[in-house]
Amino acid sequence: MTGQPKTRVSVRIYGQDYTIVGAESPAHIRLVAAFVDDKMHEFSEKNPMLDVPKLAVLTAVNIASEYLKLKLKEEYNRLREQLKKEKDGERDD
C-alpha cells in the first residue's frame, strides 16, 4: 500500500449497511455507493425474481461492462490522436 491515510465511510447499499475503507474522499465513496445502490435497484425492478447475490453479480457485470466500454473508447481516442499527430508530423517533413 502507499501509506496514505484511509477514509472510513458508512454507506447503505440495497438496504444493507457497509463500512467502506479507502484512500478516496468520503464524498467519492458515498457517490460510488449511491451509484451501486441505484444500479441494484434499477436491475431489481427489471428482474424482481433475482435473489440478492445474483442481483449483485448482475450489477457488477453491468458496471464492469460500462467501465470496459469507457476504457476502450478512451484507448481508441488516444490511439486516434496519436495517429493524427504522426500524420501531421509526416506532413511537416
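Residues numbered from 1 in each chain as written. Predicted model: local features only at pLDDT ≥ 70, side-chain atom pairs only at ≥ 80, totals over all residues. Heavy atoms only, no water.

A. Structural context of the pairing of strand S1 (residues 7–13). Burial along S1 is one-sided: the face carrying Thr7, Val9, Val11 and Ile13 is buried and the face carrying Arg8, Ser10 and Arg12 is not. When S1 meets strand S2 (residues 16–22), the two strands line up antiparallel, connected through seven bridges. Residue Ser10 lies in a different strand from S2, and its bridge partner there is Thr19. Taking the residues between adjacent antiparallel strands as the criterion, S1 and S2 are bridged by two residues, where Tyr14 takes a positive phi near 50 degrees. (Buried < 20%, exposed > 50% of the residue type's maximum accessible area, 1.4 Å probe, protein only. Helix = DSSP H or I, 4+ residues; strand = E, 2+ residues; numbered from the N terminus. Pairing = 2+ DSSP bridges.)

B. Just the pattern of salt bridges, in detail. For the structure shown, the criterion picks out seven salt bridges. For Asp88, the salt bridge is made with Lys84, and the minimal N-O distance between the two is 3.7 Å. Residue Asp88 and its partner Lys84 are both found in helix H2 (residues 52–92); the two are separated by four residues, about one turn of the helix. For Asp88, a relative accessible area of 29% translates into the label partly exposed. (Salt bridge = Lys/Arg side-chain N within 4 Å of Asp/Glu carboxyl O.)

C. Just the nonpolar core, in detail. Ranked by size, the top nonpolar core spans eight residues in total: Val9, Val11, Ile13, Ile29, Ala33, Met40, Phe43 and Leu55. Elements with a contribution of two residues or more to this core: S1 and helix H1 (26–46). For this core, the element with the highest residue contribution is H1, accounting for four residues. Ignoring anything within four residues of it in the chain, the contact list for Ala33 reads Val11 and Ile13. (Core = buried A, V, L, I, M, F, W, Y, C linked by side-chain atoms within 4.5 Å. Contact = heavy atoms within 4.5 Å.)

D. Fine view of the side chain of Lys39. Structurally, the position occupied by Lys39 is in helix H1. Those residues in contact with Lys39 that sit more than four places away from it in its chain are Thr59, Ile63 and Glu66.

E. Fine view of the side chain of Thr7. Relative to the assigned elements, Thr7 resides in strand S1. The exposure class of Thr7 is buried, given its relative accessible area of 17%. Polar side-chain contacts of Thr7 include one of 3.1 Å to the backbone oxygen of Glu24. Other than its neighbours up to four places away in sequence, Thr7 contacts Ile20, Val21, Gly22, Glu24, Pro26 and Ile29. (Polar contact = N/O pair within 3.5 Å; in protein donor to acceptor, adjacent residues only side chain to side chain.)

Read these as geometric descriptors, not functional statements.
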